[in-house]
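In case you want the letters, here they are:
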Amino acid sequence: CTDRPVLMGAPTGSGKTVCAELAVLRAFSRHPGQKVVYVAPLKALVRERVRDWGGERGLCARLGKRLVELTGDHTPDLRALLAADLI
């Protein structure tokens, strides 16, 4: 485990998202009150993460965290960004 930046490249379906989820959990546990920014190369992948991590049963709800989507098509207001834990 590390708190240093990591660039991960691997084939489709190899578990990159699981690694990102573990990094998000680590960030929330090691740095309470800080925001986590998840970056994806495609808007479709962002939408998948919002669907998986958002909602009543998603990762954020289970952790008591707020998720906000920020893409070229969807820009939340400043209040929503400031209130978010995961962007």
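Residues numbered from 1 in each chain as written. Predicted model: local features only at pLDDT ≥ 70, side-chain atom pairs only at ≥ 80, totals over all residues. Heavy atoms only, no water.

A few points about a nonpolar patch on the surface
- Together, V18, L22, L25 and L63 make up a nonpolar patch on the protein surface, roughly 330 Å² of accessible area in all.
- Per element, the largest residue contribution to the nonpolar patch is three residues, and it comes from helix α1 (residues 16-30).
- As for its placement among the helices and strands, L25 is situated in helix α1. (Patch = residues over 30% accessible without salt bridge, like charges linked within 9 Å, V, L, I, M, F, W, Y side chains within 5 Å. Areas by Shrake-Rupley, 256 points an atom, 1.4 Å probe, with all protein chains shown as cover. Salt bridge = Lys/Arg side-chain N within 4 Å of Asp/Glu carboxyl O. Helix = DSSP H or I, 4+ residues; strand = E, 2+ residues; numbered from the N terminus.)

Examining the layout of surface pockets
- The volume enclosed by the largest pocket comes to roughly 1100 Å³.
- Taken together, 34 residues make up the lining of the largest pocket; nearest its centre are M8, K16, C19, A20 and A23.
- Where the lining of the largest pocket is concerned, the elements lending two or more residues are α1 and α2 (43-53).
- Residues of the lining of the largest pocket, tallied by class, amount to 19 nonpolar, eight polar and seven charged. (1 Å grid on protein atoms, 1.4 Å probe; cavity = no way out; pocket = protein on both sides within 12 Å on 5 of 7 lines; lining within 4 Å. Points joined across faces, edges and corners; volume = space filled by probe spheres on them. Nonpolar A, V, L, I, M, F, W, Y, C, P; charged D, E, K, R; others polar.)

Digging into the pattern of salt bridges
- Throughout the structure, instances matching the rule amount to eight salt bridges.
- Between R30 and D3 there is a salt bridge; the shortest N-O distance is 3.1 Å. Remark: D3 occurs in the segment before α1 and R30 occurs in helix α1; sequence separation between them is 27 residues.
- Under the relative-accessibility criterion, D3 is labelled partly exposed at 45%.
- Salt-bridge contacts for E48 lead to R49; the nearest nitrogen and oxygen are separated by 3.9 Å.
- Classification of E48 by relative accessible area gives partly exposed; the value is 31%.
- Take R49: its relative accessible area is 10%, and that puts it in the buried class.
- Through salt bridges with shared partners, a single ionic network connects K43, R47, E69 and D73. (Buried < 20%, exposed > 50% of the residue type's maximum accessible area, 1.4 Å probe, protein only.)

By themselves, these are just geometric observations and shouldn't be taken as functional.
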